[in-house]
Amino acid sequence: TEFYAKELAPFKIDVRYYNPAKLYQLSTLQFRTHRKQLSVDDTEVITGGRNIGDDYFDLSPEFNFHDTDIHVTGPIAKVTREAFDRFFIHPITKRAQFPTEPSALNFLSKYEEKTAKAKAFYQTTVAEKRARERIQREGDTALARLTPVACPTLTFSSDGPGARFSERLKDDFINKYRFLRKVLFEKVSNTDKRLIVSSPYVIDGINHNSTLDLVLRKGAEVFVYTNSLGSTDASYVAANMYLGLPAWMQAGVHVYLHDGKYIPTNPNTPAEIRKARSGTHSKVQVYISKQGSEFMVGTYNVDHRSNYYNAEMGIFCGGSAKLTNTVIASIKRNMQHGLNVTRDGKHVVDRNGQLQSIYGSTDAEIRKMKLITIPSRLARDLL
């Protein structure tokens, strides 16, 4: 990556790495930033689950991720940028070091090969130019259909930088570094009518289960939308999800799984993209209570890695029934195109009302997942 950073430098793009721990520091290496944001001039910001890559923008002919973003303008944009700066200048973050040209001939050939590859990456091909033009046209059309809506209560929460394994062992770890967890716990705990969760990964644990029990005891309905084995590239996570599924169903949770098929959101999507496998990468929570409604769009997955190891962020919007209903409608659309888990937790009903396998995948993938179920469960706290 230092070769790419060197090619970006002339354009005044500063590349830095968060927590570049050594491979032998297995525990400390787990602490990464999972935050995603695009801030512009302290006036607008976009966040959500989306990474930068073809498969996050419906551009891959093999596998694409469905995502949810929130675009906000106003003073909160500056607050999010200041949070970014705290990570960018923190001592745990290191500036990319440019490669130096080696003297040995065998190393020189590798250096030249990597340099050429980095230079080629930033050259626009004819195919890329056409793709950009199509994206620009479709993006302009999509934006023209959107109408900005005011959010009466807007909140931003971000974890803090600098968490390491030595800090994880201390009693004040959550209070010192993991601020978003506390906000999420408060929002979920106050939900007494309906809780809707969209997350690519859902792995049960003591904290997650106790919070879920609290909500269910209040009589709230709980809806979860996540990936099936057929719609994820992480079978070890799916193994844990399927182990916890019977208990969720017994508790009365409504569970819907992505089936790995394209969700028709854009009529202009090329046929090859529609045929590609897809999975949900959307990280959204909706809280409906007697006091009102609120939702969160952010980077937090319902798993142990997001709970303890990842630095996460999220934007909360409360007091706007219109916005909340828009978010709910988006999740419901995905659910309707997916698989509805039956109450016994053993089967699913597809979009055509037909009973299907709960895995939504090939026999080979099912066998592979079952083979790694036990080790996946043992490694659950790292997933």
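Above this text is the structure in question.
Residues numbered from 1 in each chain as written. Predicted model: local features only at pLDDT ≥ 70, side-chain atom pairs only at ≥ 80, totals over all residues. Heavy atoms only, no water.

Enquirer: Explain helix α12 (residues 321-336) here, please?
Expert: Note on helix geometry: an α-helix contains 3.6 residues per turn, so any two residues three or four positions apart are oriented the same way. Over its 16 residues, α12 extends 22 Å from the first C-alpha to the last, a length consistent with the 22 Å expected when each residue adds 1.5 Å. Taken residue by residue, α12 has Leu323, Thr324, Val327, Ile328, Ile331, Asn334 and Met335 as its buried positions. Summarising the axial view, the buried residues of α12 lie within an arc of 135°, below the 170-degree limit, and thus occupy one face. For α12, exposure combined with an orientation more than 90 degrees from the buried face picks out Lys322 and Gln336. (Helix = DSSP H or I, 4+ residues; strand = E, 2+ residues; numbered from the N terminus. Expected span 1.5 Å × (residues − 1). Buried < 20%, exposed > 50% of the residue type's maximum accessible area, 1.4 Å probe, protein only. Arc of directions from axis to C-beta.)

Enquirer: Is there a simple way to think about a nonpolar patch on the surface in this case?
Expert: A cluster of nonpolar side chains, contributed by Leu38, Val40 and Ile46, occupies part of the molecular surface with about 220 Å² of accessible area. Looking at where Val40 falls in the secondary structure, it is placed in strand β2 (residues 37-40). (Patch = residues over 30% accessible without salt bridge, like charges linked within 9 Å, V, L, I, M, F, W, Y side chains within 5 Å. Areas by Shrake-Rupley, 256 points an atom, 1.4 Å probe, with all protein chains shown as cover. Salt bridge = Lys/Arg side-chain N within 4 Å of Asp/Glu carboxyl O.)

Enquirer: Help me understand the sheet that holds strand β15 (residues 339-341), please; the structure alone is not making it clear to me.
Expert: What links the strands of a sheet is backbone hydrogen bonding, and the strands pair in either a parallel or an antiparallel sense. One open sheet accounts for 10 strands, arranged β7-β14-β13-β12-β8-β9-β10-β15-β16-β17; its pairing is mixed. Of all strands in the sheet, those with a lone pairing partner are β7 (153-158) and β17 (355-357), marking the two edges. Taken pair by pair, the neighbouring strands of this sheet meet at an average axis angle of 20°, ignoring direction. Summarising the sheet, strand β13 (residues 292-298) and strand β14 (residues 313-318) pair through five bridges and their orientation is antiparallel. What sits directly across from Phe295, in β14, is Cys317. In the packing of helix α7 (residues 179-189) onto the sheet, the strands contacted are β7, β8 (194-198), β12 (284-289), β13 and β14, and the crossing angle to β14 comes to about 30°. (Pairing = 2+ DSSP bridges. Axes fitted to C-alpha atoms, helices over the stretch in contact; angles between N-to-C directions. Contact = heavy atoms within 4.5 Å.)

Enquirer: I'm lost on unusual backbone geometry in this one. Help?
Expert: Note: most peptide bonds trans; most residues except glycine with negative phi. The phi dihedral of Asp41 is positive, around 55°, even though this residue is not glycine. Despite not being glycine, Asp58 has its phi angle at roughly 55°, a positive value. Position of Asp58 relative to the elements: it lies in the loop between β3 (44-48) and β4 (63-66).

Enquirer: Could you clarify how one ought to interpret the packing of aromatic side chains in this entry?
Expert: Two descriptors summarise a pair of aromatic rings, namely the distance from one centre to the other and the angle between the planes of the rings. Under the criterion given, the structure shown has 12 aromatic pairs. Centre to centre, the rings of Tyr56 and Phe65 are 4.7 Å apart; their planes meet at 15°, and the pair counts as stacked. Judged by its relative accessible area of 8%, Phe65 is buried. Connected via pairs of aromatic rings, a cluster forms that spans Phe31, Phe173, Tyr177 and Tyr309. We note Arg50 situated over the ring of Phe57; from NZ or CZ to the ring centre the distance is 5.1 Å. Looking at Lys187, its charged tip hangs above the ring of Phe316, at a distance of 5.5 Å from the centre. (Phe/Tyr/Trp six-rings, centres within 6.5 Å; stacked < 30°, edge-to-face > 60°. Lys NZ or Arg CZ within 6 Å of the ring centre and 35° of its normal.)

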